[in-house]
Amino acid sequence: MGYERQADFGTPEVCSDTPVTLTIDGRAVTVPAGTSVMRAAGQCGGSIPSLCATDSVAAFGSCRMCLVEIEGRRGTPASCTTPVEPGMVVHTQTPKLAKLRRSVMELYISDHPLDCLTCSASGDCELQDTAAEVGLRDVRYGFDGANHLGLPVDTSNPYFDFDPSKCIACSRCVRACDEVQGTLALTIDGRGFVSKVSAGQAADDFLSSECVSCGACVAACPTATLQEKAVKEIGKPERAVVTTCAYCGVGCTFRAEMKGEQLVRMVPWKDGKANRGHSCVKGRFAWGYANHQDRITKPMIRESVDQPWREVSWEEALSYTAGKLNSIKAQYGARALGGITSSRCTNEEVWLVQKLVRAGFGSNNVDTCARVCHSPTGYGLSKTFGTSAGTQDFDSVMHADVVMVIGANPTDGHPVFASRLKRRLRQGAKLIVIDPRRIDLVKSPHIEAAHHLALQPGTNVAVLTAMAHVIVTEGLADEAFIRERCDWDEYQDWSAFVAQERHSPEVLEPVTRVPASELRAAARLYATGGNGAIYYGLGVTEHSQGSSTVMSIANLAMVTGNIGRSGVGVNPLRGQNNVQGSCDMGSFPHELPGYRHIAGPEVRGSFEADWQVSLDPEPGLRIPNMLDAALDGSFRALYVQGEDILQSDPNTHHVAAGLKAMDLVIVHDLFLNETANYAHVFLPGSTFLEKTGTFTNAERRIQMVRKVMEPANGLEDWEVTQALARAMGLDWNYADSAQIMDEVARLTPTFAGVSHARLDAEGSLQWPVNAAHPDGSPIMHVDGFVRGKGKFMVTDYVPTDERTGPRYPLLLTTGRILSQYNVGAQTRRTANTVWHPEDLLEMHPSDAENRGLKDGDWARLASRTGETTLRVTVTDRVAPGVVYTTFHHPATQANVVTTEYSDWATNCPEYKVTAVQVLPSNGPSEWQESYASWSEKSRRISRVAAE
Amino acid sequence: MDVTRLRYMADQIARNLAPQGEAQAIEGTFQHIRDYWDPRMKAAILADDHAALSPIARAAVERLSRG
Ligand code: SF4
Ligand code: SF4
Ligand code: SF4
Ligand code: FES
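Calculation rules
- Residues numbered from 1 in each chain as written.
- Chains lettered and ligands numbered in written order.
- Predicted model: local features only at pLDDT ≥ 70, side-chain atom pairs only at ≥ 80, totals over all residues.
- Heavy atoms only, no water.
- Helix = DSSP H or I, 4+ residues; strand = E, 2+ residues; numbered from the N terminus.
- Rg over C-alpha atoms; globule rule 2.2 N^0.38 Å.
- Buried < 20%, exposed > 50% of the residue type's maximum accessible area, 1.4 Å probe, protein only.
- Contact = heavy atoms within 4.5 Å.
- Polar contact = N/O pair within 3.5 Å; in protein donor to acceptor, adjacent residues only side chain to side chain.
- Axes fitted to C-alpha atoms, helices over the stretch in contact; angles between N-to-C directions.
- Parallel < 35°, antiparallel > 145°, perpendicular 65-115°, else oblique.
- Left-handed = near helix turned anticlockwise from the far one by under 90°.
- Salt bridge = Lys/Arg side-chain N within 4 Å of Asp/Glu carboxyl O.
- Expected span 1.5 Å × (residues − 1).
- Pairing = 2+ DSSP bridges.
- Near = heavy atom within 4 Å.
- Nonpolar A, V, L, I, M, F, W, Y, C, P; charged D, E, K, R; others polar.
- pLDDT = per-residue confidence, 0-100.
- Phe/Tyr/Trp six-rings, centres within 6.5 Å; stacked < 30°, edge-to-face > 60°.
- Lys NZ or Arg CZ within 6 Å of the ring centre and 35° of its normal.
- Buried area = accessible area lost by both parts, 1.4 Å probe.
- Core = buried A, V, L, I, M, F, W, Y, C linked by side-chain atoms within 4.5 Å.

> Quick rundown of the overall build of chain B? Include the residues and the values.
Scanning chain B for helices and strands turns up four helices and zero strands. Ordered by position in the sequence, the α and β elements of chain B form the string α-α-α-α. Taking 2.2 N^0.38 as the reference for a compact globule, 67 residues should give roughly 11 Å; the C-alpha atoms of chain B span a radius of gyration of 10 Å, in line with that estimate. Here the C-alpha coordinates of chain B stretch approximately 30 × 20 × 20 Å along the principal axes.

> Describe helix H3 (residues 39–47) of chain B, listing the residues and the values that go with them.
Considered for burial, the residues of H3 of chain B that qualify are Pro39, Arg40, Met41, Lys42, Ala44 and Ile45 of chain B. Buried residues along H3 of chain B sit against helix H22 (623–631) of chain A together with helix H1 (3–17), helix H2 (22–36) and helix H4 (55–65) of chain B. One side-chain oxygen of the residue at the start of H3 of chain B lies 2.8 Å from the amide nitrogen of arginine 40 of chain B, identifying that residue as aspartate 38 of chain B.

> Can you break down the packing of helix H8 (residues 314–332) of chain A against helix H25 (residues 717–727) of chain A residue by residue, with the values?
All names here are of chain A. Interhelical geometry of H8 versus H25 gives an angle of 55° and a closest axis separation of 8 Å. As far as their axial angle goes, H25 and H8 are oblique. Once H8 is placed against H25, the crossing between them reads as right-handed. Here Trp314, Leu318, Thr321, Ala322 and Leu325 of H8 come into contact with H25, specifically with Val720, Ala723, Leu724 and Ala727.

> Please give an account of the pattern of salt bridges that cites residues and values.
All names here are of chain A. Counted according to the given criterion, the structure contains 58 salt bridges over all chains. Two residues, aspartate 55 and lysine 270, come together in a salt bridge whose shortest N-O distance is 2.7 Å. Highlighted residues: aspartate 55 in the loop between helix H1 (37–43) and strand S3 (69–70) and lysine 270 in the loop between strand S11 (262–268) and helix H7 (281–285), separated in sequence by 215 residues. For aspartate 55, a relative accessible area of 15% translates into the label buried. The shortest N-O distance in the salt bridge between arginine 803 and aspartate 801 comes to 3.9 Å.

> Break down helix H13 (residues 460–473) of chain A for me, with residues and values.
Residue and element names in this part refer to chain A. The end-to-end C-alpha distance of H13, which contains 14 residues, comes to 20 Å, matching closely the 20 Å that a straight helix rising 1.5 Å per residue would cover. The buried count for H13 comes to 13 of 14 residues, which makes it a mostly enclosed element. Glycine 475 sits one or two residues past H13 and shows a positive phi near 70°.

> Describe the sheet that holds strand S29 (residues 701–705) of chain A, with residues and values.
All names here are of chain A. A sheet is described by the order of its strands in space; here three strands give the open sequence S28-S29-S30, paired in antiparallel fashion. Strands with a single pairing partner mark the edges of an open sheet, and in this sheet they are strand S28 (693–696) and strand S30 (764–766). Strand after strand, the sheet turns through a mean of 30° between neighbouring axes, direction not considered. Here four bridges tie S28 to S29, and the two strands are oriented antiparallel to one another.

> Break down the site of ligand 2 for me, with residues and values.
For ligand 2, the set of nearby residues contains 13 residues, the closest of which are Cys167, Cys170, Ser171, Cys173 and Cys221 of chain A. When the residues that make up the shell around ligand 2 are grouped by side-chain class, the tally is nine nonpolar, three polar and one charged.

> Please provide a residue-by-residue account of the sheet that holds strand S37 (residues 941–942) of chain A, values included.
Residue and element names in this part refer to chain A. Spatially, S15-S14-S25-S26-S27-S12-S13-S37 is the arrangement adopted by the eight strands of the open sheet, whose pairing is mixed. With one partner strand each, in any of the chains shown, strand S15 (366–368) and S37 form the two edges of the open sheet. Strand contacts of helix H9 (residues 347–361): strand S14 (337–341), S15 and strand S25 (637–641), with the helix running at about 170° to S14, the strand carrying the most contacts. Taken strand by strand, H25 contacts S25, strand S26 (664–669) and strand S27 (681–684), and its axis lies near 160° from that of S25.

> Talk me through the confidence of the model for chain B; I want residue IDs and the actual numbers.
Looking at chain B as a whole, its pLDDT mean stands at 93, while 100% of the residues score no less than 70. Interface scoring of the predicted complex returns ipTM 0.94; its pTM is 0.92.

> With reference to specific residues and values, describe the site of ligand 1.
Residues and elements named next belong to chain A. Neighbouring ligand 1 are the residues Phe160, Cys177, Gln181, Leu186, Phe206, Cys211, Val212, Ser213, Cys214, Gly215, Ala216 and Cys217. Broken down by secondary-structure element, the contributors of at least two residues to the shell around ligand 1 are helix H4 (172–181) and helix H5 (216–220). Class assignment of the residues belonging to the shell around ligand 1 gives a composition of nine nonpolar, three polar and no charged.

> Let's hear about the packing of aromatic side chains: which residues, and what values?
In total, this model carries 20 aromatic pairs over all chains according to the counting rule given. Judged by centre distance (5.4 Å) and plane angle (35°), the ring pair of phenylalanine 394 of chain A and phenylalanine 417 of chain A falls under tilted. Of this pair, phenylalanine 394 of chain A sits in the loop between helix H10 (375–384) and strand S16 (402–406) while phenylalanine 417 of chain A sits in helix H12 (residues 415–426), and the two are 23 residues apart along the sequence. There is no split in this pair, since phenylalanine 394 of chain A and phenylalanine 417 of chain A are both buried. Here tryptophan 488 of chain A and tyrosine 491 of chain A contribute two aromatic rings whose centre-to-centre distance is 5.2 Å and whose plane-to-plane angle is 40°, an arrangement assigned as tilted. One end of the pair is tryptophan 488 of chain A and the other is tyrosine 491 of chain A, both in helix H15 (residues 488–499) and three residues apart, which spans about a single turn. Taking the relative accessible area as the measure of exposure, tyrosine 491 of chain A reaches 5% and is therefore buried. Members of the aromatic cluster, connected to one another through ring pairs, are Tyr159, Phe160, Phe162, Phe206 and Phe285 of chain A. Against the face of tyrosine 884 of chain A rests arginine 437 of chain A, its NZ or CZ located 3.8 Å from the ring centre. The ring centre of phenylalanine 30 of chain B lies 4.1 Å from the NZ or CZ of arginine 63 of chain B, which sits over that ring.

> Run through the interface of chain A and chain B, naming residues and quoting values.
Contact residues are listed per partner, giving 35 residues for chain A and 21 residues for chain B. Both sides of the chain A and chain B interface together cover about 2,400 Å² of buried area, and 49% of this is carbon and sulfur. Our count for the contact surface shared by chain A and chain B stands at three salt bridges. Across the pair aspartate 628 of chain A and arginine 5 of chain B runs a salt bridge whose closest N-O atoms are separated by 2.8 Å.

> Quick one: what's the story with the side chain of serine 396 of chain A, residue by residue and with numbers?
All names here are of chain A. Its place among the elements puts serine 396 in the loop between H10 and S16. Overall, serine 396 belongs to the buried group, its relative accessible area being 1%. Contacts of serine 396, omitting those with residues within four sequence positions, involve Ser566, Gly567 and Val568.

> Describe the environment of asparagine 697 of chain A, with residues and values.
Residue and element names in this part refer to chain A. Residue placement: asparagine 697 occurs in the loop between S28 and S29. Along the primary structure asparagine 697 and glycine 249 are separated by 448 residues, whereas in three dimensions their C-alpha atoms are 4.9 Å apart. Of note is the side chain of asparagine 697, whose polar atom sits 2.9 Å from the backbone nitrogen of arginine 701.

> So what's going on with the pairing of strand S1 (residues 19–24) of chain A? Residues and values would help.
All names here are of chain A. Alternating positions in S1 separate cleanly, Val20, Leu22 and Ile24 being buried on one face and Pro19, Thr21 and Thr23 remaining unburied on the opposite face. Pairing geometry for S1 and strand S2 (residues 27–32), over six bridges, is antiparallel. Across the sheet, the residue bridging to isoleucine 24 is arginine 27, located in S2. The turn joining S1 and S2, which pair antiparallel and follow one another in sequence, is formed by two residues; a positive phi near 50° is taken by aspartate 25. When S1 meets strand S4 (residues 89–91), the two strands line up parallel, connected through two bridges. Note on S4: the bridge partner recorded for isoleucine 24 is valine 90.

> Break down the packing of H4 of chain A against H12 of chain A for me, with residues and values.
How two helices sit against one another is set out by the angle between their axes and by the gap between those axes. Residues and elements named next belong to chain A. Put simply, H4 and H12 touch, their axes get as near as 8 Å, and they point 90° apart. Relative to H12, the element H4 is oriented roughly perpendicular. In contact with Asp178, Glu179, Val180 and Gln181 of H4, H12 contributes Ser419, Lys422, Arg423 and Arg426. The residue makeup of the contact of H4 with H12, split by class, is one nonpolar, two polar and five charged.

> Go over the nonpolar core, please, and point to the residues and values.
Residue and element names in this part refer to chain A. Within the largest apolar cluster, 67 residues are counted, with the highest numbers of intra-cluster contacts made by Leu186, Leu226 and Leu431. With four residues, the single largest contributor to this core is H12. Ignoring any residue separated from it by four or fewer positions in sequence, one finds leucine 186 in contact with Cys173, Val174, Cys177, Asp178, Val197, Ser198, Ala199, Phe206 and Cys217.

> Could you give me a rundown of unusual backbone geometry, with the residues and numbers involved?
Residues and elements named next belong to chain A. Here the bond from tryptophan 767 into proline 768 is cis, since omega is -5°, no more than 30 degrees from zero. Residue position: proline 768 is located in the loop between S30 and strand S31 (810–815). In this model, arginine 513 sits at a positive phi of 60°, which is unusual for a non-glycine residue. Here arginine 513 shows up in the loop between helix H16 (505–512) and helix H17 (516–528).

> So what about the environment of arginine 276 of chain A? Which residues, and what values?
Residue and element names in this part refer to chain A. Note that arginine 276 resides in the loop between S11 and H7. When the C-alpha atoms of arginine 276 and threonine 183 are compared, they prove to be 17 Å apart, with 93 residues separating the residues in sequence. The residues touching arginine 276, leaving out its near neighbours within four places in the chain, are Trp269, Lys270, Asp395 and Arg420. Side-chain polar atoms of arginine 276 contact the side chain of aspartate 395, separated by 2.4 Å.

Structure follows, in structure tokens:
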């Protein structure tokens, strides 16, 4: 695609079943009732000059540029604020309008710097275009009256500048921040000529304001007032390629706007169905890591991990690695080998890694980072509903009446979805938050949760069972739905179980610490408030009862009939960009792609026939078991693609010991991550900008990732895996990633109708896409559950074995923040660090005071497994007895303190509950110091020239 | 394999399935180990002293040993 601005119809699309036909400039046009005259004109190919209108926000009608004449009406109404009416006859181009528009434009230009020739927006500026469109040739007022031309530029934001001298006070930015993003960071101060956009209080600049750097205002600004710094530095883009964000499970699509081989900016794609033209700071701006100096682009090997790395050619690296793999296999058997797939890589790349493990290594020892995040979702939802995925599309939230957010912090973890949710909440939907911490959503501008159940960490099942108790005992169950859709006998057993007095909110209050009356009110609201939708995150899954909690959630949705239509459902907010896809593609050791158990002879047979190998019918090892098996010598080689298990998995010491015990650790990544400190082979990876394939987001939406530049390391990740397979003697010959997707479709029934060609043509598809659902499935379980009858699962609260006591009296829970991403390998290598230079420990004022800790003090955080130090921030966001931190920085190594307790069904680690003590400290812990020096030593590279 | 850890895992599964009633919990624990554990983990728990396990986990492992 060459460079064209995205189409802008001036005012938002309207949904209405009532069509209205009118005539515009002699052409008949039919649009939904409620559409503006401006949008109708745009849809029939006309164009009305405008400045203050853009289709991401409601019309405002301030610039008077879009005037039109309507037969039978007096005056010249603004077309952006005038709705269409049947039979209306509109003229958009008349001499009278031309004159009026020219004078309006003249006023704007008289207060605008005339530096078009040197302005970075020249050629991409709506003011410039509109001036030309209205035929402005000359400004009668001169340029020396009062003006704003001398105002200083605010350069505080690392990604965009605010140059008020160019501002035309159209308020598009203010409305975008209010309506699209929902942060309400901007205001227009003053009226008329003196009006001026400002970020927050008078003294604030963008960086110190409430602004979260989502870029919505920048995208909405018609001039160069708000503009990406990169456009100034690199120049105007020349072409655009639509691709998908590689950060989180929202799956925003963007136009990667390029100049030559250089990425100028990522602009959210308006046609993207996951993000509908919006973005967050990560996808929009934090892509600089792709060219960071730390990136490794040459393969490297070493015999042992205390040696420096040696750069080698691809041939040498691959034949060395394949030779080692083959000899370990010959000596110790196939089950001594395994691999970890990446939720950051494409579906096609994940497919190849699991295929390499199963068909090449000959074991089922393949696992993925979903082990440590949403494995309980897969388990819990497949037991109850029959599929391992969320039930809704994101659009569904706009039809919800009651939204229950459990153990998730969408404004930080899933910001673009959070903006949609906030929009719905501002429209009046009710909110219930179940979270130990007062997340931002609980109270933010124009939003207040009806109920915040600030439970004791680790008591999710108790809280949800108590809610079920209220629903069942107060007669709020949707019996008609249950009789039709679920197994009635199982329901009877379950309802008798939850109705027992021991599950009442009153009896459980001492355990959950949630006031019984509040819990009852929340349960009633969810059951009776109309469409009830549940969104949950890692605060649900990362517990010893993660799977039970997911099943409790599914029970609640079934008992209230909140499943199978728009506005309801059970929605896991999935962490990484392609965690849904990596699970779909067969990354679990017990199942083949499409969530089908490896023991099933029919399914296994279909793979064996296609791949021409015989497969091990026994389940393989999960990541924690791989590490255990490494310590007893039965697991010896690991291929890790795009994951940093040393930093992201619990009990760092144990992970390190397991890795150290292996004969061969192959890390395939962009950077020498922490895991690479224990690796013998480093295969350089490619970024999402350098490859073609697909990601699947949290709504099961499969979207294209498109290569916009050549891989700096020379190969896309799937090509590296293929080359390794070939070096091991496998005859793989994929010419491109589209052929891999064809194989996925051939062997995976839920993907039967998916191909790159179809995705190119249709933009995206939501699985299942097959004969029963040829166009995909935005909402699941519409006419019945995938498993047949919905299954109520009896789940009871079992307290975690991780208990507080005199030595470790506090509970630590972990999470993440908006500007950083997981272990931070990418975001720490961007300017996003201005918002989060280090991990901080949140602590309640009373706990801090008891320990003599003040805001900003260094503290030692110790658990039964280890200790680390970090700085304290004192806040009542957390309850007394609870502390909270993030795990974005390797220096903190928060996982040094997390334990190996894990979900009973999936071994998803219990990150959300660790008993700890916090005491004043004056510097890094011993482990931090020794790790820092080891890590530095382990990263040495001796640069022997590679061919 | 670290058998203490395997015992803990088996007991934890049993403990979470217990509310479904004894018979179902034993069947559930057995199926879980059969479907999710790698052969060397199964072998290690089978070779271990079953008396160290909780009653439901023990019954499930015994069921596993019968194949
Ligand atoms: S970048 Fe986003 S949050 Fe910041 S002012 Fe603009 S719209 Fe608001
Ligand atoms: S900064 Fe841009 S969008 Fe905001 S009022 Fe000024 S010109 Fe309009
Ligand atoms: S919300 Fe997620 S997918 Fe969207 S831009 Fe941000 S990080 Fe990327
Ligand atoms: S575009 Fe309609 S008044 Fe500004």
